Amino acid sequence: MGKLLEVNDLEVSFKVHGGEVKAVRGVKFHVNKGETIGIVGESGCGKSVTAQTIMRLIPQPPARIKNGSIMFNGEDLLKKTEREMQKVRGKEIGMIFQDPMTSLNPTMTVGAQIMEPLIKHQNLSRKEATKRAVEMLDLVGMPNPEKRIKQYPHQFSGGMRQRAMIAIALACDPSLLIADEPTTALDVTIQAQILNVMKDLQKRLNTSIIMITHDLGVVAEVCDRVVVMYAGKVVEEGTVQEIFKNPQHPYTKGLLKSVPSLDQDKDKPLVPIYGTPPDLFSPPPGCAFCDRCDYAMNICNKQDADKYHVSDTQYARCWLLDPVAQEVRSK
Ligand code: SF4
């Protein structure tokens, strides 16, 4: 499986009143062709900023991309002009947002919104684009698509609006789909339907997906690999099996312990991660999780840990994985 997207040493800051928020601090990960990766972490960890930077939708100012590269199909997206990026967006990379009501245009029919990128990027005639719009709505499981393309977003339920968003994002058959919390605004049964639609489409169209979420259930359901972010950095990465069965970073372990499961002993309370993430105006020099970590050592608040690989596909940034720490713990 070749690499489709490679994010290298990405740094993004926001200039705001009173200083600079270092929202993304040296993020590195890749997406292979045809795979689904999940980027997880709590609010403010930098996952959505990373996604918006890939799409170059991050408003500059106040944001500033300070360092890094985003290689997509061998070309650096950060070096492209806005005109060149307009060809990438929608055509090569599609995006689904959390709240379809604010992302869909309320003044245009859903059909017109699916047809727009097809006419713009693929030079289809109106007749061809209409036919394709009906096919796309059918593909995402929309009942009565011929009637639905003539309707406006307010005539759709929440789940149908999200299906319409997926249809728009996939209309031009992009090789990468970025889904930013695509099921957060939906109720549980609709969430399951939308995830099934995405899984099914991924299989049929072989689209790579970046799923941005705070919901580990979503990750377990659809992802091949997981990137765990905390305070603007990637703290752990691995396959879904590795992250769920053998998490290494105390933050990843905390996330997993704080999620309810069906087979959980109902008398056993969930374990929250106490405390709050650090202030990204002045991030700590060492491990950003230090103040919340039960295993913190002297070195942790002085110096950030390097990547420690535990397999070819899994690594974590935690001093506990350093051979010296392991020796001390086993004594
Ligand atoms: Fe905890 Fe130290 Fe590991 Fe950070 S580096 S997670 S503070 S043990």
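Located above this text is the structure these notes cover.
A. Structural view of the site of the ligand. Taken together, His249, Pro250, Cys287, Cys290, Cys293, Tyr295, Ala296, Cys300, Cys318, Trp319 and Leu320 make up all the residues around the ligand. Of the residues assigned to the shell around the ligand, the class counts are 10 nonpolar, one polar and no charged.

B. Main features of the environment of isoleucine 58. Among the secondary structure elements, isoleucine 58 is positioned in the loop between helix H1 (47–54) and strand S4 (63–72). In this structure, the C-alpha to C-alpha distance between isoleucine 58 and serine 48, residues 10 residues apart in sequence, is 9.7 Å. In contact with isoleucine 58, other than residues within four places in its own chain, are Phe14, Val49, Gln52, Thr53, Ala63 and Ile65.

C. Seen up close, the packing of aromatic side chains. Taken as a whole and judged by the stated rule, the model has four aromatic pairs. Note on tyrosine 230 and tyrosine 251: the rings are 4.6 Å apart at their centroids and 50° apart in plane angle, and the pair reads as tilted. With a gap of 21 residues between them, tyrosine 230 in strand S9 (residues 225–230) and tyrosine 251 in helix H11 (residues 250–257) connect regions that are remote in the sequence. By relative accessible area, tyrosine 251 is classed as buried at 0%. The interplanar angle of 85° and the centroid separation of 5.2 Å between the aromatic rings of tyrosine 230 and phenylalanine 289 together place this pair among those described as edge-to-face. Of this pair, tyrosine 230 sits in strand S9 while phenylalanine 289 is found in the loop between H11 and strand S11 (308–309), placing the two residues 59 residues apart along the sequence. Tyrosine 230 sits in the buried class, given a relative accessible area of 2%. With relative accessibility at 4%, the residue phenylalanine 289 sits in the buried group. Cluster of aromatic residues (ring-pair linked, three or more members): Tyr230, Tyr251 and Phe289. Positioned over the ring face of phenylalanine 156 is arginine 148, at 5.2 Å from the centre of the ring. Over the ring of tyrosine 315 we find lysine 307; its NZ or CZ atom is 4.6 Å from the centre of that ring.

D. Quick peek at the nonpolar core. With 54 residues, the main nonpolar core has Ile96, Ile114, Leu137, Ile166, Met198 and Met211 as its most contacted residues. Counting residues per element, this core draws most heavily on helix H7 (residues 158–170), which supplies eight residues. Contact partners of isoleucine 96, with chain neighbours within four places excluded, come to Gln162, Met165, Ile166, Ala169, Leu177, Ile178, Ala179, Asp180, Pro182 and Met198. With 35 residues, the next largest nonpolar core counts Ile58, Leu77, Met85 and Tyr315 among its residues.

E. Region of interest: H7. Compared with an ideal rise of 1.5 Å per residue, which puts 13 residues at 18 Å, H7 spans 19 Å between its outermost C-alpha atoms and is within 8% of the ideal. Among the 13 residues of H7, 12 are classified as buried, and the element is accordingly described as predominantly covered. Turning to H7, its buried residues number three or more, namely Gly159, Met160, Arg161, Gln162, Arg163, Ala164, Met165, Ile166, Ala167, Ile168, Ala169 and Leu170.

Thresholds, definitions, all that
- Residues numbered from 1 in each chain as written.
- Predicted model: local features only at pLDDT ≥ 70, side-chain atom pairs only at ≥ 80, totals over all residues.
- Heavy atoms only, no water.
- Near = heavy atom within 4 Å.
- Nonpolar A, V, L, I, M, F, W, Y, C, P; charged D, E, K, R; others polar.
- Helix = DSSP H or I, 4+ residues; strand = E, 2+ residues; numbered from the N terminus.
- Contact = heavy atoms within 4.5 Å.
- Phe/Tyr/Trp six-rings, centres within 6.5 Å; stacked < 30°, edge-to-face > 60°.
- Buried < 20%, exposed > 50% of the residue type's maximum accessible area, 1.4 Å probe, protein only.
- Lys NZ or Arg CZ within 6 Å of the ring centre and 35° of its normal.
- Core = buried A, V, L, I, M, F, W, Y, C linked by side-chain atoms within 4.5 Å.
- Expected span 1.5 Å × (residues − 1).

No statement about biological role is implied by the geometric values presented.
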